[in-house]
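# Analysis of the macromolecular model
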Amino acid sequence: MFEIDGRILIVDCGVLFPEVIQPGVDLILPDFDYLKDKLDRIDGIVLTHGHEDHIGAVPYLLRLRKDIPLIGSKLTIALVEAKLEEHRIKPYSLVVREGDVENLGKFDLEFIAVSHSIPDALAVAIHTDAGTVIHTGDFKMDQLPLDGRVTDLRGFARVADDTGVDLLMVDSTNAEVPGFVPAEVTIALALDEHIGAARGKVIVSSFASHVHRVQMVIDAAAKHGRKVCFVGRSMVRNMGLALKLGYLSAPEGTIVDLNQANNLPDHEVLYMSTGSQGEPMATVARIAAGQHKSISVGPDDTVIFASSLIPGNEESVNRLINQLTARGTKVVHSGNAKVHVSGHACAGELLVLYNLLEPEYVMPAHGEPRHLVANGKLAVSTGVPEENVLLTRNGTVVDMADGEAKIVGQVPVGYVYVDGSSVGEITEAELTERITLGEEGFVAIFAVVDAHKRVVLSGPHIQARGMAEDDSVFDDILPAVREALEESVADPQSTTYHMQQAMRRVIGRWVARKLRRKPMIIPTVVEA
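About the criteria used
- Residues numbered from 1 in each chain as written.
- Predicted model: local features only at pLDDT ≥ 70, side-chain atom pairs only at ≥ 80, totals over all residues.
- Heavy atoms only, no water.
- UniProt positions renumbered as here; feature names shortened; annotations may be inferred.
- Helix = DSSP H or I, 4+ residues; strand = E, 2+ residues; numbered from the N terminus.
- Contact = heavy atoms within 4.5 Å.
- Polar contact = N/O pair within 3.5 Å; in protein donor to acceptor, adjacent residues only side chain to side chain.
- Axes fitted to C-alpha atoms, helices over the stretch in contact; angles between N-to-C directions.
- Parallel < 35°, antiparallel > 145°, perpendicular 65-115°, else oblique.
- Left-handed = near helix turned anticlockwise from the far one by under 90°.
- Nonpolar A, V, L, I, M, F, W, Y, C, P; charged D, E, K, R; others polar.
- Pairing = 2+ DSSP bridges.
- Buried < 20%, exposed > 50% of the residue type's maximum accessible area, 1.4 Å probe, protein only.
- Patch = residues over 30% accessible without salt bridge, like charges linked within 9 Å, V, L, I, M, F, W, Y side chains within 5 Å.
- Areas by Shrake-Rupley, 256 points an atom, 1.4 Å probe, with all protein chains shown as cover.
- Salt bridge = Lys/Arg side-chain N within 4 Å of Asp/Glu carboxyl O.
- Lys, Arg positive; Asp, Glu negative; His and termini not counted.
- Charge placed at Lys NZ, Arg CZ, Asp CG, Glu CD.
- Core = buried A, V, L, I, M, F, W, Y, C linked by side-chain atoms within 4.5 Å.
- Domains from an automatic or database assignment.

## Here we look at the UniProt feature "binding site: substrate" (unreviewed entry) in the protein chain
Annotation from UniProt places "binding site: substrate" (unreviewed entry) at Ala208, Ser209, His210, His340, Val341, Ser342, Gly343 and His344. Positionally, serine 342 belongs in the loop between β17 (330-332) and α11 (347-357). When neighbours within four sequence positions are excluded, serine 342 is seen to be in contact with Lys140, Asn174 and Val181. Within polar-contact distance, the side chain of serine 342 engages the side chain of asparagine 174 at 2.8 Å.

Next comes the structure, spelled out in C-alpha cells:
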C-alpha cells in the first residue's frame with residue numbers, strides 16, 4: 001500500500017493458503033483494519049497478475065467499498081471480474097498493457113511487461129513527488145516464453161534513465177537459488193514423453209491459473225490423439241476465459257466436457273485438473289481416494305503433478321502420491337521428472353535487474369524472511385549500500401521523501417481467516433483449540449446440581465473422544481472429580497463456572513500425569 005498526501009494506492013490484494021497449523025481454514029485474508037476508516041481515500045488497486053495470492057482478496061476489500069477502481073492487464077481483469085461475479089460485485093475496471101501510462105490522483109503509473117507463470121503479468125513504476133518506486137510483481141527472465149512476451153528490460157532501463165529508481169520492490173521467492181530459471185519450454189519434452197507413453201487415461205494437475213502449462217499439455221495431448229477435459233470449478237472457469245480471450249489455443253474439437261470425456265476410450269482422454277497441492281476436496285484428492293463420481297484411476301493410468309510444492313503442502317501431496325501409487329497408477333512429479341519450472345527469478349536474474357536499474361534503495365518483497373534476507377544480500381553485492389536495504393515484515397511503515405527511504409514504524413496487522421461463510425470470526429485461540437482437538441482429543445464431563453439445596457443430583461459423567469483409552473480408564477479418578485464438585489457445590493458463593501473449573505482442574509492434572517496427554521477438557525454443569 002502506498003500513501004501520499006492522504007491518498008492511497010494499493011498494489012495487489014491477495015490471499016494466503018492455510019498451513020497445517022490452521023486446520024479448517026479455507027483462505028487467509030490481509031487485515032483491512034487500517035483501511036476501514038480510509039476507504040474513501042483509496043484511488044485504486046493495481047493488480048500485477050492474476051494469481052490468487054495477488055487477486056484473491058479483492059472481493060473482500062470491495063465488500064467494504066464496491067467502487068474502488070481496479071487496474072490491470074486484460075487477462076488479470078477478466079480473472080478478477082469472474083471472481084467478483086460470484087460475489088455479486090460489478091467492479092469499475094481499467095485494462096492496461098505494457099507501455100501504458102496512467103495518472104491516478106497523486107500517482108503516475110507506468111506499466112512494464114514481465115514474464116511469469118501466467119500471461120499478461122506487469123511490473124509497475126510509480127512516480128510521485130516523493131520519488132519513483134518500481135514494484136516488479138512476480139517475474140522471471142524467461143528468454144523463450146510460450147507467448148513470446150519477454151520481461152521488458154528496455155522498459156525497466158528507460159524508467160531508470162528517465163527518473164532514476166529511488167526504491168525497488170522486488171520478488172524474492174527464488175533469491176536463494178543460484179543461476180537462472182530454465183525456460184518454460186524445457187518441460188514440454190517431459191510432458192510430451194509421459195503423455196505419449198501413457199496407455200490409459202492421463203490426469204495432469206496444476207494451478208488453475210497456469211495458462212502456459214495448460215497450453216503445453218493441450219499441445220502434447222493433441223499430438224498424441226487425446227481430447228482434453230478441464231476438471232475443477234476454477235480450472236474450468238479460468239481456462240474458459242483464457243480460450244475466449246485468446247491466451248490459450250487448441251485445435252478444433254480438442255476440448256471436451258466431462259460427459260464427453262467419460263464416453264471416450266481411456267487412451268483418448270486427458271483430464272486437466274486442480275488439486276496439485278493436495279487440497280482435500282480438490283479433484284485429484286477425490287480421485288486418489290476413489291471418491292470422484294466420474295473419474296477413477298488404475299494400473300494403466302498416469303497422473304502428472306505439473307507444479308511446484310507450496311511450502312507446508314509436502315505432506316498432503318506425498319500422501320496423494322502414495323494413494324495413487326497404491327492403486328498401481330504411474331505418478332509423475334517434479335521429484336522424478338522435469339515437469340515444472342519456477343515462475344520466479346533466481347539469483348542470476350535478480351543480479352541482472354539490480355545492475356540494470358542501480359536503485360538507491362531496495363525493499364525485498366514476496367517471500368519468507370530467509371528469501372528477503374538473501375535478496376538483500378544480492379542487492380548489496382551489486383553496490384547498494386547495506387543500510388539502504390529495507391528488510392520489512394507485514395505492517396512495516398517505510399517513509400520516502402526526496403528520494404530517501406527509511407523504516408519509521410509498524411502498523412498492527414494480523415491474519416483474517418475465512419472459514420466457510422464466516423470471515424474474521426475464527427481467532428488464533430480457536431485455531432489452537434482445533435489443533436488440540438486433532439492431536440490430543442477431548443474429554444467431556446457432565447453433571448447436574450440442585451442450586452437451592454447445593455447438592456449434586458447426577459454425575460459427574462465422563463466421556464472421551466479422539467483418545468486411545470476407553471472411558472473406563474476414568475473410573476479411578478471419578479471419585480476425586482465428584483468430591484471436588486461436591487465441595488464446590490456446597491460453597492454458597494460458587495457459581496456453575498466455579499463448579500466446572502473444579503472438575504476441570506482435577507481431571508486435567510490426572511490426565512497429564514497418568515495418560516501423559518493434554519486433551520481439551522469441556523466441563524458442563526446444569527442447574528436443576
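## What about the packing of helix α14 (residues 478-490) against helix α15 (residues 496-515)?
Here α14 crosses α15 at 155°, and the two axes come no closer than 9 Å. What the angle tells us is that α14 and α15 run roughly antiparallel. In the crossing of α14 with α15, the sense of the turn from one axis to the other is right-handed. Touching Ala480, Val481, Ala484, Leu485, Ser488 and Val489 of α14 are His498, Met499, Ala502, Met503, Val506 and Ile507, all from α15. Class assignment for the residues of the contact of α14 with α15 results in 10 nonpolar, two polar and no charged.

## Comments concerning the sheet that holds strand β11 (residues 167-171)
With respect to topology, six strands assemble into an open sheet ordered β7-β8-β9-β10-β11-β18, the strand pairing being mixed. Two strands in the sheet have a free side with no partner beyond their single neighbour: β7 (101-104) and β18 (361-365). Adjacent strand axes in the sheet meet at a mean angle of 20° when their direction is disregarded. Sheet analysis places β11 next to β18, joined by five bridges and oriented parallel. When the sheet's bridge partners are listed, methionine 169 is paired in β18 with methionine 363. Contacting β10 (131-135), β11 and β18, α11 crosses the sheet at an angle of about 165° to β11.

## Focus on the UniProt feature "active site" (unreviewed entry) in the protein chain
Per the UniProt entry, the sites bearing "active site" (unreviewed entry) are Asp171 and His344 in this numbering. A maximum C-alpha distance of 7.3 Å is found for the annotated residues, which run over 174 residues; spatially they form one tight group. Residue position: aspartate 171 is located in strand β11. Setting aside residues no more than four positions away along its own chain, aspartate 171 makes contact with Thr136, Gly137, Asp138, Phe139, His344, Ala345, Leu350, Ala365, His366 and Asn375. Residue classification places histidine 344 among the buried positions, given a relative accessible area of 14%.

## Things to note about the packing of helix α4 (residues 153-162) against α11
The geometry of α4 relative to α11 is characterised by a closest axis approach of 9 Å and an angle of 35° between their N-to-C directions. Residues Leu153, Phe156, Ala157 and Ala160 of α4 lie in contact with α11, whose contacting residues are Leu353, Leu356 and Leu357. When its residues are assigned to classes, the contact of α4 with α11 shows seven nonpolar, no polar and no charged.

## Thoughts on a positive patch on the surface
Where like charges cluster on the molecular surface, the positive patch consists of Arg505, Arg509, Arg513 and Lys514. Relative to the helices and strands, lysine 514 resides in helix α15. Here lysine 514 falls in the exposed class, since its relative accessible area comes to 52%.

## What about a nonpolar patch on the surface?
Side chains of Leu144, Leu146 and Val185 sit close together on the surface and give an oily, nonpolar patch of about 220 Å² of accessible area. For leucine 144, the position within the fold is in the loop between β10 and α4.

## Some remarks on the pattern of salt bridges
Note that side chains of opposite charge can pair when their charged atoms are close. A full pass over the atoms with the stated rule returns 22 salt bridges. Among the salt bridges present, the one from lysine 38 reaches aspartate 37, with a minimum N-O distance of 3.3 Å. Judged by relative accessible area, which is 12%, lysine 38 ranks as buried. On the basis of relative accessible area, aspartate 37 is assigned to the exposed category, the value being 61%. Between glutamate 176 and arginine 370 there is a salt bridge, with the nearest N and O atoms lying 2.4 Å from each other. Here arginine 370 lies in helix α12 (residues 369-381) and glutamate 176 lies in the loop between β11 and α5 (188-197), a separation of 194 residues in the sequence. Under the relative-accessibility criterion, arginine 370 is labelled partly exposed at 45%. When salt bridges that share partners are traced, they join Lys140, Asp142, Glu184 and Arg213 into one network.

## Here's the deal with the side chain of aspartate 142
One can find aspartate 142 in the loop between β10 and α4. For aspartate 142, a relative accessible area of 3% puts it in the buried group. Among the polar contacts listed, one links the side chain of aspartate 142 to the backbone nitrogen of leucine 144, at a separation of 2.8 Å. Engagement of the side chain of aspartate 142 in a polar contact is seen with the backbone nitrogen of glutamate 184, the distance being 3.0 Å.

## Remarks on the nonpolar core
By size, the foremost hydrophobic cluster in this structure holds 63 residues, and its most contacted members are Ile45, Leu61, Phe230, Leu270, Met272 and Ile304. The two domains that each donate at least three residues to this core are domain 1 (2-179 + 342-419) and domain 2 (184-332). Here isoleucine 304 is in contact with Leu191, His194, Ile195, Val202, Ile203, Val204, Ser205, Val332 and Val339, once residues within four sequence places are set aside. Membership of the second largest hydrophobic core comes to 27 residues, among which are Ala121, Ile134, Val159 and Tyr354.

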